[in-house]
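Remarks on the overall topology
As a plain string of letters, each chain reads:
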Amino acid sequence: MAASLRHSTLFTTVCRQLNSTLWLNVGGRSIHSSAVCCKNRAARIRVGKGDRPVTYEQALHPHQIAHRKGWLSQHTSNLQGEDGAADRTVEDLFIRRLIYGTFHGCLADELVIKRRGNLLVICALMLQKLPPHKYYFLVGYTEELLSHFYKCPVKMEIQMLEEKSVYKYL
Amino acid sequence: MASSYTHVGRQIHRATKLVRRDVKDALQRRYFGLGSATFQQPAATVSGSAEEIVIPRKKTWNKEAVLQALASTVNRDPTASHYVFQDDSYLTPRTSAEFKLYSLAQESGRTAAKYFINTYPKYFQKDFANPHIPCLMPETLELQVNEVSEAALIERIQLRKVKAAVDMYDQLLQAGTPVSLDLTNDLLDLISLYGDCDPARGDAPEQRTEEMGEEQEDVKRRKGMPQKASDFLRLVWRENNNAERIFNMMPERNRRSYGALIRGMVKHGAYSKAFNTYTDLLNNRLTGDVHIFNALISAAPEVREKYVEKWDLIVDLLKQMAEQKVKPTLLTFNAVLKALRRCGSLGRTQAFPVINEMKALGIAPSLATYDHVLGIFYKAATSAQGHTEILQDVLSEISGKSFTAQDPDDVEFFKDAMRICLATKDIEQAYRVHSLLGVGENWKLLGDSYYQSIYYGRFFNLLCMMEHIDVVLKWYKELIPSLYYPNSQGMRDLLQALDTDNRLDLIPQIWKDIKRMGHDNKTELVEEMLSLMARENQIPEVQQSFADCALDVKALYTQTDRRVPLSWSAGSLSSITSILLAAERTQQAWEMLKLFKLANRVPSESLMNQFLESVKASNNAQQAVELVQISASFCLSITPNLMERVQQEFDLTEEQRNTLSDLESSTAMSD
């Protein structure tokens with residue numbers, strides 16, 4: 001027991017020393033890491049009991065893109081010699097979150113974002129949850145807000161569904 | 001080998017020469033739009049020599065040439081809804097009320113977004129756009145400059161804050177700083193334009209000032225508000241308001257100051273004051289300008305009573321204009337013609353001299369000019385009395401021309417022209433007016449959605465009256481519902497047209513459209529449709545479709561969910577019953593008879609006879625006796641007749657005979 005006590009005091013002194021050195025290095029840079037999502041788990045819904053309805057988009061895994069799936073975000077910055085891919089990705093993420101919140105509970109599937117020249121087209125599949133004039137209000141609001149935010153014309157094209165289209169149950 | 005090369009070379013050379021000649025011919029033949037291509041230098045004519053190389057003329061296209069070419073291949077799609085709406089069946093408006101609601105909802109969403117953008121501008125400052133797009137930056141609507149200075153006054157004038165500007169001006173005068181004449185004139189213009197109140201802000205959510213209703217002007221409003229609120233709450237030029245006060249305080253005034261005051265007075269209804277101010281202007285040895293004279297001419301009919309006096313005043317003003325060497329413009333002549341509309345018969349004699357004067361000065365007339373001419377010659381009360389040539393002449397003159405908006409009254413032309421065509425029942429001129437809409441930019445002068453609905457309503461009315469049903473239906477598909485949502489009167493006109501040309505078999509389809517447009521709660525329309533269907537017997541398929549339609553209508557009367565159902569009338573009940581009988585749906589027809597009792601309506605005698613015929617066809621004696629009982633319960637005068645016929649034509653059992661004889665005695669006693 002004495003030996004373990006000595007070990008513990010040694011341990012605490014080492015920690016305190018480490019702490020002090022860290023405290024002295026507070027102006028420096030260190031690596032920030034977020035939670036890891038391995039590529040063999042991203043965007044894949046695993047097979048479960050069979051009671052979870054899943055759309056076509058969700059059911060097909062990312063390796064099926066260009067085989068059985070299309071792209072959700074269409075722009076030319078990934079072509080040879082074009083730049084701005086990172087900016088487009090960040091914009092897309094922002095737009096997806098904005099619309100998910102603005103049309104809360106009404107989206108039936110993921111958004112498809114297309115860029116044609118200067119124009120940003122947001123194609124959405126929505127459920128018939130709200131009366132149509134409320135949809136028009138939200139569409140006008142989103143278009144205006146995003147146009148002013150990104151300094152380019154933004155158009156939304158909506159299609160309505162009665163309910164989410166289920167591809168299979170996983 | 002070398003020879004083969006030269007041979008090949010010559011072949012290629014000849015081929016390219018041919019290609020070049022073809023291309024040149026093709027270029028000469030193609031012609032997209034107006035001025036979309038320019039040729040740089042004229043080419044020399046090609047002679048027949050074999051070795052000459054002809055370089056085709058270089059064409060330069062303007063930026064929109066491709067778009068214009070593509071647009072010329074596409075016509076309007078009559079099955080699509082208005083372009084501002086989403087292309088989805090749930091989100092497409094089906095009635096004019098929905099049209100207005102959805103377009104206003106979208107606009108209010110935009111206004112809400114603009115409110116956020118202008119209230120929190122720091123999030124929207126980052127400028128990605130190259131070149132810079134100024135309309136996508138947040139606007140500063142709040143006042144920045146707050147100290148008492150001329151810059152503050154300029155800012156308030158630019159932001160159209162009338163009261164704040166007047167306060168700032170007063171503060172400047174009290175502080176002793178002289179305000180320049182131009183700035184004071186700007187301030188006077190601002191006050192006169194807005195009539196001394198602040199215009200309502202477009203994006204402020206709850207600011208409904210009691211004075212003006214703001215024009216949330218969007219082209220998408222259809223048959224909604226009949227008048228804008230500003231027409232009801234017309235601003236009046238108050239006595240000794242800020243404009244006059246500032247005007248009187250000014251140390252020196254020039255023509256612009258007087259002009260601001262006069263134009264403000266005319267705009268807000270103080271006509272005689274405007275003339276007094278003009279006299280002041282002349283007394284101060286200043287001359288008027290064209291805007292002052294335009295305002296005074298438009299005010300002239302208000303300050304004189306008799307036609308001759310009005311005209312004399314206008315002529316006097318025009319003479320003064322000539323003396324003061326002020327050149328008249330299009331607006332001057334339009335103001336003269338508009339005043340002539342209120343001069344009765346004098347207008348007719350003076351209209352053409354005015355127009356000749358206009359042409360002599362080389363001023364091209366706008367649509368407002370023609371509108372005033374038509375207004376002078378076609379008064380609302382009198383029908384056409386030998387003046388039909390005027391409309392034709394006007395249309396001949398303007399056919400094929402494209403007009404731009406130069407006068408606020410330009411938008412009245414189309415609906416007034418269509419009104420005249422409707423009054424004179426002239427379908428040819430109506431077609432010419434409508435084709436004028438397709439020329440160039442004239443569609444922009446059709447006005448807002450309310451004016452459009454008036455125009456198309458009159459056009460459709462005229463078509464239903466004058467044209468054969470096939471033409472009417474063609475126009476129906478073309479106009480409705482993409483351009484125009486007819487009201488119930490329009491649908492009744494269509495039913496009349498169907499009746500006239502004996503195409504009553506189309507009624508079930510029209511009924512579907514009526515339901516979709518939300519007119520199925522209009523009792524007159526529904527009853528008229530039912531009576532048209534019930535009037536005569538049709539071929540069996542048509543009769544069956546009529547019966548289905550009648551049952552659909554019946555459901556409307558009896559449903560209680562969410563809407564006030566229509567109330568039965570004798571006419572509608574009888575019509576539905578006779579349609580059902582004619583289609584041999586006797587069971588449902590019998591149910592209808594019971595409905596008569598419930599709704600307290602009396603069936604007609606012809607209906608009873610029709611029932612008897614159908615019962616005879618099915619040879620059901622029990623039903624015949626029931627029929628007589630029902631007829632007796634309604635105390636119809638036809639009951640004895642029915643009873644006789646039943647007794648003779650049916651073989652009745654003992655019980656039935658007893659019932660009948662009881663009835664006979666009871667009716668005999670009650671007589």
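If you check an unreviewed UniProt entry, chain B appears there as Small ribosomal subunit protein mS39 from Pygocentrus nattereri. Under Sequence similarities (unreviewed entry), UniProt gives the following word-for-word description of chain B: "Belongs to the mitochondrion-specific ribosomal protein mS39 family." Recorded in UniProt for chain B, the comment headed Subcellular location (unreviewed entry) runs: "Mitochondrion".

Within an unreviewed UniProt entry, the label attached to chain A reads Mitochondrial ribosomal protein S24, and the organism entered is Pygocentrus nattereri. Taken verbatim from the UniProt record of chain A, the Sequence similarities (unreviewed entry) comment is "Belongs to the universal ribosomal protein uS3 family." Per UniProt, the comment on chain A under Subcellular location (unreviewed entry) is "Mitochondrion".

Here, UniProt's "repeat: PPR" (unreviewed entry) annotation points to residues 329-365 of chain B. The span residues 329-365 of chain B is 73% helical and 0% strand by assignment, and the distance between its end C-alpha atoms comes to 10 Å.

Next up on the list: unusual backbone geometry. Residues and elements named next belong to chain B. In this model, Asn130 is joined to Pro131 through a cis peptide bond whose omega is 10°. The topology assignment puts Pro131 in the loop between α3 (96-119) and α4 (150-158). With an omega of 0°, the peptide bond running from Ile480 to Pro481 counts as cis. Along the chain, the position of Pro481 falls in the loop between α20 (469-479) and α21 (488-500). Positive phi, close to 55°, is recorded for Lys325, a residue that is not glycine.

The next thing to look at is the packing of helix α12 (residues 307-323) of chain B against helix α13 (residues 330-340) of chain B. All names here are of chain B. For the pair α12 and α13, the least separation of the axes is 10 Å and the interaxial angle reads 165°. Judged by the angle between their axes, α12 and α13 are roughly antiparallel. In this structure, α12 meets α13 at a crossing whose hand is left-handed. Here Trp311, Ile314, Leu318 and Met321 of α12 come into contact with α13, specifically with Thr332, Val336, Ala339 and Leu340.

Residues and elements named next belong to chain B. With 14 residues, helix α27 (residues 605-618) extends 20 Å from end C-alpha to end C-alpha; this agrees with the ideal 20 Å at 1.5 Å per step. Along α27, the positions that sit buried rather than exposed are Leu607, Met608, Phe611, Leu612, Ser614 and Val615. Angularly, the buried residues of α27 cover 165° about the axis, an arc narrow enough to put them on a single face. Along α27, exposed side chains directed more than 90 degrees from the buried face belong to Ser606 and Ala617. Along its buried surface, α27 packs onto α25 (570-582), α26 (586-598), α28 (621-633) and α29 (639-649). Positive phi shows up at Asn619, right after α27, with a value of about 55°.

Taken together, the contact pairs 25 residues of chain A with 28 residues of chain B. Together, the buried faces of chain A and chain B total about 2400 Å²; carbon and sulfur atoms form 67% of this surface. By the criterion of area lost to chain B, the three top residues of chain A are A:Tyr136, A:His148 and A:Lys151, representing 35% of everything that side buries. One can count 3 salt bridges joining chain A with chain B. Here A:Glu143 ties to B:Arg110 by a salt bridge, and the two come within 3.3 Å at their closest N and O atoms. Counting every contact that joins chain A to chain B gives 10 residue pairs in polar contact (both at pLDDT 80 or more). Contributing elements (two or more residues each) for the side of chain A that touches chain B: α4 (132-150) and β5 (154-161) of chain A. Ranked by residue count, the leading element in the side of chain A that touches chain B is α4(A), at 15 residues. Looking at side-chain class alone, the side of chain A that touches chain B contains 15 nonpolar, 6 polar and 4 charged residues.

We now examine the domain arrangement of chain B. Residues and elements named next belong to chain B. The domain architecture assigned to chain B consists of domain 1 (486-601) and domain 2 (606-671). Using C-alpha coordinates to define each centre, domain 1 is positioned 28 Å away from domain 2. Taken residue by residue, the interface counts 11 residues in domain 1 and 12 residues in domain 2. Buried area between domain 1 and domain 2, both sides added, is near 1000 Å², and the carbon and sulfur share of it is 75%.

Residue and element names in this part refer to chain B. On inspection of all chains with the given rule, the structure shows 30 salt bridges over all chains. Notably, a salt bridge pairs Asp409 with Lys338, separated by 3.0 Å at the nearest N-O pair. Residue Asp409 is located in the loop between α16 (388-398) and α17 (412-424), and its partner Lys338 is located in helix α13; the two are separated by 71 residues in the primary sequence. By relative accessible area, Asp409 is classed as buried at 17%. One salt bridge in this structure joins Arg503 and Asp470, with 3.8 Å as the shortest N-O distance. On the criterion of sequence distance, the pair formed by Arg503 in the loop between α21 and α22 (507-516) and Asp470 in helix α20 is long-range, its members being 33 residues apart.

Rules of the game
Residues numbered from 1 in each chain as written. Chains lettered and ligands numbered in written order. Predicted model: local features only at pLDDT ≥ 70, side-chain atom pairs only at ≥ 80, totals over all residues. Heavy atoms only, no water. UniProt positions renumbered as here; feature names shortened; annotations may be inferred. Helix = DSSP H or I, 4+ residues; strand = E, 2+ residues; numbered from the N terminus. Axes fitted to C-alpha atoms, helices over the stretch in contact; angles between N-to-C directions. Parallel < 35°, antiparallel > 145°, perpendicular 65-115°, else oblique. Left-handed = near helix turned anticlockwise from the far one by under 90°. Contact = heavy atoms within 4.5 Å. Expected span 1.5 Å × (residues − 1). Buried < 20%, exposed > 50% of the residue type's maximum accessible area, 1.4 Å probe, protein only. Arc of directions from axis to C-beta. Buried area = accessible area lost by both parts, 1.4 Å probe. Salt bridge = Lys/Arg side-chain N within 4 Å of Asp/Glu carboxyl O. Polar contact = N/O pair within 3.5 Å; in protein donor to acceptor, adjacent residues only side chain to side chain. Nonpolar A, V, L, I, M, F, W, Y, C, P; charged D, E, K, R; others polar. Domains from an automatic or database assignment.

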